[in-house]
Amino acid sequence: MEHLERDVVVVGAGVTGLTAATRLSAAGKSVVVLEARERIGGRLWTDVVDGQMREIGGQWVSPDQTALLETLDELGLATYARYRDGESLYITRDGELRRFTGDIFPAGERTESEITRLIEILDGLTAEIDPAAPWAHPRAQELDQVSFRTWLEQQTDDEEARENIALFVAEAMLTKPAHTFSLLQALLMAASAGCFSNLVDADFILDKRVVGGLQQVPLRLADRLGADSVRLGTPVRRIEWDEFGATVMGAGVRVRARHVIVAVPPNLYDRIQYVPALPRLRQQLQQHQSLGLVIKVHATYETPFWRAAGLSGTAFSPYQLVHEAYDNTNHGESRGTLVGFVAAEQADASFRLSAEERKGRILESLAAYFGPEARRPVTYYESDWAAEEWTQGAYAASFALGGLTRYGELQLQPVGPIRFGSSDLAGLGYQHVDGGIRMGRRLADDVIAAAREEESA
Ligand code: FDA
């Protein structure tokens with residue numbers, strides 16, 4: 001067993017942990033990052049599978065994500081725009097395939113005007129929400145007690161309008177059914193991206209990608225720290241703590257430090273034994289946050305054949321297994337890639353099928369949008385984050401109904417020398433890489449401020 005002494009131990013080498021660690025190191029603190037996996041980046045992972053480069057986890061960057069954009073600049077990483085020329089596709093409730101441009105799905109005049117009306121209402125409510133403290137809204141309790149689905153039922157009798165609006169938050173963002181989370185949770189998601197209209201605007205929310213993949217952010221941050229400061233294959237199993245510091249135990253290493261940052265998603269806090277145990281309400285809090293479930297599917301073809309048909313590759317339908325799809329062709333490649341998403345209850349059902357049957361149904365759904373050529377990709381890949389021990393779902397964590405007002409405020413409060421944070425706890429950039437960077441900066445600044453206070457005492 002190796003024994004180390006550091007000012008700060010960071011648990012988790014995702015973008016949050018590495019942002020915190022590099023900031024602390026730049027401020028003169030000694031830091032070590034302990035990472036369970038044999039790789040850096042957590043939910044950011046670029047890999048070559050069957051000869052094809054894939055962004056298996058997070059990949060897109062939107063204009064509101066200024067912390068991420070600053071980091072990309074600092075690290076010298078170039079971006080490119082997602083291909084979006086041409087018309088988008090929508091499949092109606094009756095299974096009719098329609099082409100459209102703009103944000104509002106061509107669901108018929110009445111439904112379209114209901115969708116526009118609901119977006120306006122949601123924009124109004126979102127403007128009242130502080131993403132860093134949604135529980136502080138004067139009607140927070142009321143907004144947190146009603147499920148997003150029930151609230152939509154109270155607003156309109158137009159089922160297709162409801163299902164489309166639900167899609168933007170339920171399947172497309174939180175990757176949970178709309179009856180399992182509150183209106184307040186939906187508003188937090190929208191407020192974290194600026195407004196509800198931004199969630200609806202695919203050109204905004206899925207604007208750019210990073211040349212070479214978004215995992216380069218954590219990889220380059222880790223390079224800055226140096227190989228000795230990031231220990232891979234080192235799951236942290238136990239943290240013994242008191243008011244003076246902590247001893248953090250991972251496979252083969254024991255680190256004594258004044259401060260600990262646990263930069264892992266909240267569903268994994270419990271994989272660590274805390275001695276003494278965390279306070280009771282913290283133990284409650286983490287039982288109310290869970291990850292959603294989504295299958296990110298990459299299908300690569302010899303050419304981006306949909307472009308010749310005047311299609312952007314963007315497709316949506318609440319009535320399809322693949323509820324949204326995009327042109328995800330990598331920078332500089334002649335092959336064309338479509339990315340599609342199967343979320344929430346559709347993902348549950350898909351994972352009950354054999355791999356072959358699941359692939360068949362997913363390709364059939366892509367073919368419903370893009371025609372028979374979509375059935376014959378050269379390579380096909382499903383990201384399966386729920387099967388990963390050190391994530392257990394995708395994209396990120398959200399509160400169950402009522403949890404945000406009961407426990408949200410507690411989540412960033414330190415416990416003795418231990419601070420918790422990840423993109424799942426962010427305000428701006430919530431559930432996104434941008435939020436992870438903001439969270440990492442905040443955790444580091446809190447530790448630096450606490451250390452300064454101690455020095456001057
Ligand atoms: P993250 O989970 O990345 O890191 C935590 C780290 O802690 C992991 O490396 C884990 O192995 C480690 N760990 C856990 N327990 C441990 C223990 N006990 N001991 C040691 N280490 C431990 N975002 C975005 O901005 N744009 C996008 O397009 C997408 N799309 C997207 C698609 C998919 C499929 C996924 C899964 C996610 C996205 N996201 C995204 C979300 C984005 O990837 C995510 O919010 C951040 O990468 C999370 O970074 P964190 O560092 O907060 O957690």
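Just so you know, these numbers come straight off a predicted model, no measurement behind them.

1. Observations regarding the environment of Glu-96
Alright, step 1. Along the chain, Glu-96 turns up in the loop between strand S6 (87-91) and strand S7 (97-100).
Alright, step 2. Classification of Glu-96 by relative accessible area gives partly exposed; the value is 41%.
Alright, step 3. Taking C-alpha positions, Glu-96 is 32 Å from Val-61, a pair spaced 35 residues apart along the chain.

2. A look at the nonpolar core
Alright, step 1. By size, the foremost hydrophobic cluster in this structure holds 64 residues, and its most contacted members are Phe-148, Ile-165, Val-169, Leu-183, Phe-196 and Leu-199.
Alright, step 2. Ranked by residue count, the leading element in this core is helix H6 (residues 159-174), at 9 residues.
Alright, step 3. Composition of this core by domain shows at least three residues from each of domain 2 (46-63 + 79-84 + 205-209 + 294-387) and domain 3 (105-200).
Alright, step 4. Other than its neighbours up to four places away in sequence, Ile-165 contacts Ile-115, Leu-118, Ile-119, Leu-122, Phe-148, Leu-152 and Phe-196.
Alright, step 5. Counting 60 residues, the second largest nonpolar core, distinct from the first, contains Leu-72, Ile-261, Leu-268 and Ile-272.

3. Looking at the side chain of Gln-215
Alright, step 1. You can see Gln-215 is positioned in the loop between strand S8 (208-210) and helix H10 (216-225).
Alright, step 2. Using a relative accessible area of 7% as the deciding quantity, one classes Gln-215 as buried.
Alright, step 3. A polar side-chain atom of Gln-215 sits 2.7 Å from the main-chain carbonyl oxygen of Ile-40.
Alright, step 4. Within polar-contact distance, the side chain of Gln-215 engages the backbone nitrogen of Thr-46 at 2.9 Å.
Alright, step 5. Those residues in contact with Gln-215 that sit more than four places away from it in its chain are Arg-39, Ile-40, Leu-44, Trp-45 and Thr-46.

4. Considerations on the UniProt feature "domain: Amine oxidase" (unreviewed entry) in the protein chain
Alright, step 1. UniProt records the feature "domain: Amine oxidase" (unreviewed entry) at residues 16-448, using the numbering of this structure.
Alright, step 2. Secondary structure within residues 16-448 divides into 35% helix and 22% strand; the distance between the first and last C-alpha atoms comes to 16 Å.

5. Focus on the domain arrangement of the protein chain
Alright, step 1. The domain boundaries assigned to the protein chain delineate domain 1 (2-42 + 215-278 + 415-456), domain 2 (46-63 + 79-84 + 205-209 + 294-387) and domain 3 (105-200).
Alright, step 2. If you average the C-alpha positions of domain 1 and of domain 2, the two centres end up 33 Å apart.

6. Details of the packing of aromatic side chains
Geometry of an aromatic ring pair is reported as the spacing of the ring centres plus the angle between the planes.
Alright, step 1. The full count for this structure, using the stated rule, is 18 aromatic pairs.
Alright, step 2. Plain terms: the ring middles of Tyr-90 and Phe-105 are 5.1 Å apart, the flat faces sit at 25 degrees to each other, and that makes the pair stacked. Of this pair, Tyr-90 sits in strand S6 while Phe-105 sits in the loop between S7 and helix H3 (109-127), placing them 15 residues apart in sequence. Pair check on accessibility: Tyr-90 and Phe-105 agree, each one buried.
Alright, step 3. Relative to Phe-305, the ring of Tyr-301 lies with its centre 5.1 Å away and its plane at 85 degrees, an arrangement referred to as edge-to-face.
Alright, step 4. Taken together, Trp-60, Tyr-90, Phe-100, Phe-105, Phe-168, Phe-316, Tyr-326, Phe-341 and Tyr-395 form an aromatic cluster joined through their ring pairs.
Alright, step 5. The ring of Trp-390 carries the charged tip of Arg-271 above its face, separated from the ring centre by 4.8 Å.
Alright, step 6. Over the ring of Phe-420 we find Arg-282, and its NZ or CZ is 4.2 Å from the ring centre.

Thresholds applied
Residues numbered from 1 in each chain as written. Predicted model: local features only at pLDDT ≥ 70, side-chain atom pairs only at ≥ 80, totals over all residues. Heavy atoms only, no water. Helix = DSSP H or I, 4+ residues; strand = E, 2+ residues; numbered from the N terminus. Buried < 20%, exposed > 50% of the residue type's maximum accessible area, 1.4 Å probe, protein only. Core = buried A, V, L, I, M, F, W, Y, C linked by side-chain atoms within 4.5 Å. Domains from an automatic or database assignment. Contact = heavy atoms within 4.5 Å. Polar contact = N/O pair within 3.5 Å; in protein donor to acceptor, adjacent residues only side chain to side chain. UniProt positions renumbered as here; feature names shortened; annotations may be inferred. Phe/Tyr/Trp six-rings, centres within 6.5 Å; stacked < 30°, edge-to-face > 60°. Lys NZ or Arg CZ within 6 Å of the ring centre and 35° of its normal.

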